[in-house]
Each structure stands twice: as structure tokens, then as C-alpha cells.
Amino acid sequence: MRAARASCSKTPGSAGRFCLVPRRGRHPLLKAFSRWTRCQHPPIPGFIRLQPTVGADQHFLCPMIQWRTSGKLVLLAAGGLCLRASEVWVPPQLVASALPVLHASGDTARAPWNLGWYNVENLFDNQDDSLVRDEEFAADGAKEYTPQLYRLKVQRVAKVLGWLFHQTGAVAVGLCEVENNRVLDDLLRTPPLDQLSLWRVHRDSPDPRGIDVAVVYRSDCVRVENAAWVLPRMPEERGTREAVVVTLVRSVRGTQDTLRVGWMHLPSQRSGDACARASAWQSLVEQASGCSVWLGDVNEAPGWQLDAAVAACSGVPFDRIGEGTYYYRDAWSWLDRGWSVPPWRGTVRVLSQPWMRSGARDLKSGLAPPWRTWRGEQWIGGPSDHYPIHVQLTRI
């Protein structure tokens, strides 16, 4: 069958022209719509073509596509998670032909969950807070962290997160090393995040440095049914960052689907205790019952004590795609990762773009390390010393 072009009329006052170019598909539900091509100028960073992965028991396991016109978003989501096609008056029959129809609860259960995680490397404001040890980030502190540098840091982190949401179709992204609500609000007001319907889950933790775990989520795709903060039980009762356990609920063709996720930032290796992270995670599991997925910066490479503790609790590590998220002493490490318990199974992959990378390349892998923000007290100017990750979860 010859590929036919179908033009979609635009909303009054909107800029640009949207064209959907259907092509031949392998799956009968997708028919001729296995690939979509966007025809609008100028191009929007983060746009991807939709190339479905079609299997015997899977439907439309692919990232979300987004178009923007006059500050609005049009969402065509994988597995029917979300659809706001009316904003550009896409003909209903065209949309119905393009997306798979989910009728049975079994189809709903097979729809994947897309999540993200990002260590934002000391996302601090430049105000001195007397309750935490953040003096070095004050405008007159050792780092000479001016308002201009703070704005630049927020802009570069926002660019990474905007690209992550656009590229992966993530409905929620966990963050760590966030100082307070102010930096989160500044972040969500910064383009391109200001174009998304993002809400945050956060509270100040007892960490001495004031670095917290937070979650930002797409309120137009999921809702948060409840959230709980869990403090790991640490030796000598020293303060540390809390984990955030969030119950996400989405609606797929009228059927609700729920996922309970724990977002964590385990103790640093500077603690000197080889079992500190395994002990911290075990205490989190004891306090947060019913959590299907744990995800975050675990501060430990695979194969150490933490993985043994996870296996003892029937946890299954995510399948990993990539060299690692952190580069230290000429070696890559998977510090940002996670695991799930049956029936969930996850795949995690590292995300990077040229503007996230430093100039130098690792001679062994040929990959460039992340473009970090700081080296000691020296401003380097990048978004973070970690790469973000995308996690896709499916039921097995």
C-alpha cells in the first residue's frame, strides 16, 4: 500500500502546520500508522519518531510523542495513557486508527510504565539557610555562587528534564540533591518544563546538608494517590535523606492501573561502612510495605552487599542498557538504578546528549563523561555529574 499523507487542521491562532504521515505497519491494530512524521518548523528539541516494538504479547511499547503549538501540548501516548488531540483538531477517525484499542484488563496490565531518575548534583539556591550546611552555596560563600550561576544551573537542569520527558514519555521523574521547594518551583517555571503539567512531591529531610529526594510528575497523565516519606534507620542516629514512596494511578480506557514506587538516595560511600547502603535499604523496605519498585541513586556499583540484600528480599534488578551513569577514576559505574518485585520487570537505560557531556572521552568505552556543575569549588557549568536514566516497567 502506498503511504498516504493526511493533513490535520490547526487550531485558530496556532502557529505551524501539523501533518501525519502514515506508513505500513506490522501489527493489525496499528494498520498503516506504524510511524509518525512531524512536519513543523522550527523543530522542537526532544522530538522523536514513533517506531513501535511489536511482539506477540505487547502492544505499542514506545515513547510518547508530543507536539507544541502556541505553548500548548498535543499528546499521543503509548498504550492510550493520555490523548488531547482536540487541541489541534485531529480527526477522531485518524486518532482511532493510530492507537491500539485496549478492552480487556489483561491489555491494560501489559501497558508499560515509563519513569525517570536524575541526580541533579547540588541543585541549591544561593541563599544561606541557617538550618542546613549550605554556606558554600551562598552568594558570598566559597563557591561564589551568584544569582546568574544559579539561574544557569536551573536552566540546564530544566533542559535535561524537558528532553527526558519528551524522549521517553515518562509520567514521573525522581530527583535527588534538591535543596528545597524554592529550587523546585524555579525549576518547574523554567522552559521547557513550564509547558508541561508538572506537579511536585517534596519535603525537607533531616539531611545535614539539606539535600532531598523529590518527584515531579505529569498531572495530565497520572495522579498521586498518596505519598509517604521514610527515613532509613542509620547507626548512631545520624541524619540522612528520606526516601519518598509514591502511589501512582493512571487510567487506561476507563480501567485504573496502580504502581507504588520508592524513590531513594542511599548513603554515600564516604560513610566508610560497606554495609551502610544495604542496611538503609532494608530499613526502608521494612517501613514501606507493598512497594513494587525501588529506584534512585544507590551509591553502589552492582554486585556488592546491596544487591545481595535485594536478592534476599526477592528483588529483581533492572536490565541495564549502557555503560553507567557516573564516571570516576577512569571507570563507569551504575550508581543510578533500581529493582522490582514480581510481577514487575524493569529495563533501565542511560540517557545522554552532546550538550550533557564533557569534552573528554573515556579511552576504553569511547564515551564522554557527564558535564558536571562543580569540581570542588570551581564552577564547570554543566547540568550534573550524573546522567539521567529512563526506566520502563512491564508486568511479566
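Up top is the structure these notes are about.
Attention here is on the structure that accompanies the text. It should be emphasised that the depicted structure is a prediction, and the values quoted were computed from it without experimental measurement. (Residues numbered from 1 in each chain as written. Predicted model: local features only at pLDDT ≥ 70, side-chain atom pairs only at ≥ 80, totals over all residues. Heavy atoms only, no water.)

1. Quick look at the overall build of the protein chain
- In terms of regular secondary structure, the protein chain is built from six helices and 21 strands.
- Looking at the protein chain as a whole, 54% of its 396 residues qualify as buried.
- A total accessible area of about 17,500 Å² is found for the protein chain, and carbon and sulfur atoms account for 50% of it. (Helix = DSSP H or I, 4+ residues; strand = E, 2+ residues; numbered from the N terminus. Buried < 20%, exposed > 50% of the residue type's maximum accessible area, 1.4 Å probe, protein only. Areas by Shrake-Rupley, 256 points an atom, 1.4 Å probe, with all protein chains shown as cover.)

2. Quick look at the pattern of salt bridges
- As enumerated under the stated definition, the model contains 15 salt bridges in all.
- Between Arg182 and Asp125 there is a salt bridge; the shortest N-O distance is 3.7 Å. With Arg182 in helix H4 (residues 181-188) and Asp125 in the loop between strand S5 (113-123) and helix H3 (147-168), the pair connects residues that are 57 residues apart, well separated along the chain.
- On the basis of relative accessibility, which here comes to 36%, the residue Arg182 falls in the partly exposed class.
- Asp257 serves as the salt-bridge partner of Arg250, at 2.8 Å between the closest nitrogen and oxygen.
- Of the residues examined, Asp257 reaches a relative accessible area of 4% and is grouped as buried.
- Residues joined in a network through salt bridges with shared partners are Asp125, Arg182, Asp186 and Arg189. (Salt bridge = Lys/Arg side-chain N within 4 Å of Asp/Glu carboxyl O.)

3. Looking at helix H5 (residues 276-287)
- Compared with the 16 Å implied by 1.5 Å per residue over twelve residues, the 17 Å span of H5 between its first and last C-alpha is a close match.
- Of all the positions in H5, only Ala276, Arg277, Ala278, Ala280, Trp281, Ser283 and Leu284 are classed as buried.
- Those residues of H5 that are buried lie in contact with strand S9 (223-230), strand S10 (243-252), strand S11 (255-265), strand S12 (293-297), helix H6 (305-312) and strand S17 (336-340). (Expected span 1.5 Å × (residues − 1). Contact = heavy atoms within 4.5 Å.)

4. Some thoughts on the side chain of Ser292
- Along the polypeptide, Ser292 turns up in the loop between H5 and S12.
- Relative accessible area serves as the criterion here: at 16%, Ser292 is assigned to the buried category.
- Look past the residues within four positions of Ser292 in its chain and what remains in contact with it is Leu259, Arg260, Trp339, Ser340, Val341 and Trp344.

5. Quick word on the environment of Trp355
- Along the chain, Trp355 turns up in the loop between strand S18 (344-350) and strand S19 (374-375).
- In this structure the C-alpha to C-alpha distance between Trp355 and Lys159, which are 196 residues apart in sequence, comes to 9.6 Å.
- Not counting residues up to four positions away in its chain, the partners in contact with Trp355 are Lys159, Val160, Trp163, Trp371 and Pro383.

6. With respect to the sheet that holds strand S7 (residues 198-201)
- Ordered in space as S7-S8-S6-S5-S21-S18-S14, the seven strands form an open sheet in which the pairing is mixed. For this open sheet the edge positions go to S7 and strand S14 (319-321), each flanked by a neighbour on one side alone. Pairs of neighbouring strands in the sheet enclose a mean axial angle of 20 degrees, with direction left out of account.
- Note: strand S6 (residues 172-178) against strand S8 (residues 212-218), six bridges, orientation antiparallel. Paired with Leu175 across the strands is Ala214, a residue of S8.
- Packing against the sheet, H3 makes contact with S5, S6, S7, S8, S18 and strand S21 (389-395), and its axis sits at approximately 170 degrees to S5.
- Lying on the sheet, H4 is in contact with S5, S6, S7 and S8; it crosses S7 at an angle near 165 degrees. (Pairing = 2+ DSSP bridges. Axes fitted to C-alpha atoms, helices over the stretch in contact; angles between N-to-C directions.)

7. As for the packing of aromatic side chains
- All told, the structure shown has eleven aromatic pairs when counted by the stated rule.
- Note on Phe137 and Tyr145: the rings are 5.8 Å apart at their centroids and 75 degrees apart in plane angle, and the pair reads as edge-to-face.
- Exposure remark for Phe137: the relative accessible area of 1% places this residue in the buried category.
- On the basis of relative accessible area, Tyr145 is assigned to the buried category, the value being 0%.
- Arranged with centres 6.2 Å apart and planes meeting at 15 degrees, the rings of Trp332 and Tyr387 form a pair that is stacked. Separated by 55 residues along the polypeptide, Trp332 in strand S16 (residues 331-333) and Tyr387 in the loop between strand S20 (378-379) and S21 bring together distant segments of the chain.
- The class for Trp332 is buried, based on a relative accessible area of 15%.
- For Tyr387, a relative accessible area of 4% gives the class buried.
- Clustering of aromatic rings is evident, with ring pairs tying together Phe124, Phe137, Tyr145, Tyr150, Trp374 and Trp379.
- When the ring centre of Trp374 is taken as origin, the NZ or CZ atom of Lys143, which lies over that ring, is 4.5 Å away.
- Over the ring of Trp113 we find Arg250, and its NZ or CZ is 4.3 Å from the ring centre. (Phe/Tyr/Trp six-rings, centres within 6.5 Å; stacked < 30°, edge-to-face > 60°. Lys NZ or Arg CZ within 6 Å of the ring centre and 35° of its normal.)

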